[in-house]
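Observations on chain architecture
Okay, here's what each chain looks like letter by letter:
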Amino acid sequence: MTDRTKLTCDGHGPPLYYGSVVRVLIVIYLLVIGTVALLAQMILPMIFPILNVVGFGSALIPLVVIYASLELGDERALILAGILGVFLDLTSSHRLGTSVLVLFSLSALIVTQAYRPESHTWPFRLIFVLVGTFTFFLLNYILILAETARWYWPLAVWSKITFASLLNLLLCPVFFYLIGLPPRLCGWKPSYELQERSYAR
C-alpha cells in the first residue's frame, strides 16, 4: 500500500492528488512564514530602533520570496511574491503595487534559474540573496522617486540599502534552514531535488 505519510510526489510516494495537496500546503506554509516575517519587520524596529538603520524594516520579505523562488521554482513562487507584495504595500508608505511589481519581477528572474543545479549551491544562493535584496531596495526607491518626480540620492539611502543587503546575507543560512526544516521533517522535497532523483534513475 502507498505510504501517505510522506510528502513526496515521485512514483513511489503518494498518489497524484495527494502531491497536488502538498503543492498547495507548502505555499500556504510559506505565506504564513511571510506574514510572520512582515509582523516582525513592523514590531522589532519599534523595540530596537537600531534595526531601522540597517534596513530591517523591509528586509525579511524579499528573503522569504528568494527562498520560495529557489525551492518551489515555478508559478507558485510568483503567486506568493505577489501576495506578500500586496501585504507589504498595505503596511507601508509605498503606493499599492510597488512592492508587488518588484517582488514579482525578482521572483520571476530567480525562478528562471532555479532549475540549474548550481543555483542551489550555497555560493549561488548567497549571490541571489545579496543581489536580490539590493535590487529590491534599489528598485523600490527608484519607483518612489519616479512617483514624486524627485531624484535625490542621500547617503542614508545607500547606507540603508547596503546594510539591509548585508543583513540578509548574514541571516540567509540560518533563515533558510529554519524555514525549510518543518516541511523536510514531514518528508517534503523541493522540486529540484525530485528532478535530480528522477534523472538519477
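A brief structural summary. Predicted, not measured: the structure shown is a model, and the values here were computed from it. (Residues numbered from 1 in each chain as written. Predicted model: local features only at pLDDT ≥ 70, side-chain atom pairs only at ≥ 80, totals over all residues. Heavy atoms only, no water.)

**Quick look at the overall build of the chain**
- Along the backbone of the chain there are eight helices and zero strands.
- Here the chain, with 201 residues, has 42% of them falling under the buried criterion.
- Considering only intrachain contacts with a sequence separation of at least 6, the fraction spanning at least 24 residues in the chain is 69%.
- Accessible surface, the chain: about 10900 Å² in total, of which carbon and sulfur atoms supply 73%. (Helix = DSSP H or I, 4+ residues; strand = E, 2+ residues; numbered from the N terminus. Buried < 20%, exposed > 50% of the residue type's maximum accessible area, 1.4 Å probe, protein only. Contact = heavy atoms within 4.5 Å. Areas by Shrake-Rupley, 256 points an atom, 1.4 Å probe, with all protein chains shown as cover.)

**Points about the pattern of salt bridges**
- Following the criterion strictly, the structure yields five salt bridges and no others.
- In this structure, Arg125 engages Glu71 in a salt bridge whose closest nitrogen and oxygen atoms are separated by 2.4 Å. Of the two residues, Arg125 is situated in helix α6 (residues 122-148) and Glu71 in helix α3 (residues 60-72); the sequence distance between them amounts to 54 residues.
- With a closest N to O distance of 2.9 Å, Arg76 and Asp74 form a salt bridge.
- The structure contains a network of salt bridges with shared partners spanning Arg23, Asp74, Glu75 and Arg76. (Salt bridge = Lys/Arg side-chain N within 4 Å of Asp/Glu carboxyl O.)

**With respect to the environment of Ser92**
- With respect to the helices and strands, the residue Ser92 is situated in the loop between α4 (75-90) and α5 (98-111).
- As for Ser92 and Ser58, which are separated by 34 residues in sequence, their C-alpha atoms are 9.1 Å apart.

**Regarding α5**
- Here α5 spans 20 Å end to end across 14 residues, near enough to the 20 Å set by a 1.5 Å rise per residue.
- Turning to α5, its buried residues are Thr98, Ser99, Val102, Leu103, Leu106, Ser107, Ile110 and Val111.
- In the core, the buried residues of α5 are packed alongside α3, α4 and α6. (Expected span 1.5 Å × (residues − 1).)

**Notes on the packing of α6 against helix α7 (residues 155-185)**
- Between α6 and α7, the least distance of the axes is 9 Å, while the angle of their chain directions is 145°. Crossing of α6 over α7 shows right-handed handedness. Within the contact between the two elements, α6 uses Trp122, Arg125, Leu126, Val129, Leu130, Thr133, Phe134, Phe137, Leu138 and Tyr141 and α7 uses Val157, Trp158, Ile161, Thr162, Ala164, Ser165, Leu166, Asn168, Leu169, Cys172, Pro173 and Phe176.
- For the contact of α6 with α7, a count of residues per class yields 17 nonpolar, four polar and one charged. (Axes fitted to C-alpha atoms, helices over the stretch in contact; angles between N-to-C directions. Left-handed = near helix turned anticlockwise from the far one by under 90°. Nonpolar A, V, L, I, M, F, W, Y, C, P; charged D, E, K, R; others polar.)

**Considerations on the packing of aromatic side chains**
- Taken as a whole and assessed by the stated rule, the structure comprises six aromatic pairs.
- Aromatic pair Phe134 and Trp158: ring centres 6.5 Å apart, planes at 25°, arrangement stacked. Of this pair, Phe134 sits in helix α6 while Trp158 sits in helix α7; the two residues are 24 residues apart in sequence, bridging distant segments of the chain.
- According to the relative accessible area criterion, Trp158 is partly exposed, its value standing at 33%.
- With centroids separated by 5.2 Å and ring planes inclined at 70°, the aromatic side chains of Tyr141 and Trp153 adopt a geometry described as edge-to-face. Pair noted here: Tyr141 is in helix α6 and Trp153 is in the loop between α6 and α7, with a separation of twelve residues, a long-range link.
- One aromatic cluster is present, built from ring pairs that chain together Phe134, Tyr141, Trp153 and Trp158.
- Sitting over the ring of Trp122, Arg125 keeps its end group 5.5 Å from the ring centre. (Phe/Tyr/Trp six-rings, centres within 6.5 Å; stacked < 30°, edge-to-face > 60°. Lys NZ or Arg CZ within 6 Å of the ring centre and 35° of its normal.)

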